[in-house]
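# Understanding the architecture of this molecule
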Amino acid sequence: MADLSELLQQGMRRRHLSAQALAERTGIRTPRIRVFAQGPVHPTQAELTELAAALALPLPEILDAARTPQATSA
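Let me sum up the structure you'll find in this document. (Residues numbered from 1 in each chain as written. Predicted model: local features only at pLDDT ≥ 70, side-chain atom pairs only at ≥ 80, totals over all residues. Heavy atoms only, no water.)

### What about helix α2 (residues 19–26)?
Taken together, the buried positions of α2 are occupied by Ala19, Leu22, Ala23 and Thr26. Along the long axis of α2, the arc covered by the buried residues comes to 105°, so they all point the same way. Facing away from the buried side of α2 by over 90 degrees, the exposed positions are Glu24 and Arg25. (Buried < 20%, exposed > 50% of the residue type's maximum accessible area, 1.4 Å probe, protein only. Helix = DSSP H or I, 4+ residues; strand = E, 2+ residues; numbered from the N terminus. Arc of directions from axis to C-beta.)

Have a look at this one:
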């Protein structure tokens, strides 16, 4: 199971999107997208929905990946 940062990086590469281009599509600020892709900050539910739509990724997969690091970091 991929974690959220891996999914975002793969989706951005597949769609040939930079963090700035993804920010323009979603309305999420570029610095936030960069830290989501690196892993230390987790997006809100609304941001996850926007990212899934912009990257054409299944929302349940994104939501599961967003929960995975939190469950294993204890």
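### Concerning helix α3 (residues 30–38)
Those residues of α3 not exposed but buried are Thr30, Ile33, Phe36 and Ala37. Buried residues of α3 fall within an arc of 120° about the axis and therefore sit on the same side. On its buried face, α3 is in contact with α1 (4–14), α2 and α4 (45–55). Directly beyond the C-terminal end of α3, a positive phi value near 110° is found at Gly39. (Contact = heavy atoms within 4.5 Å.)

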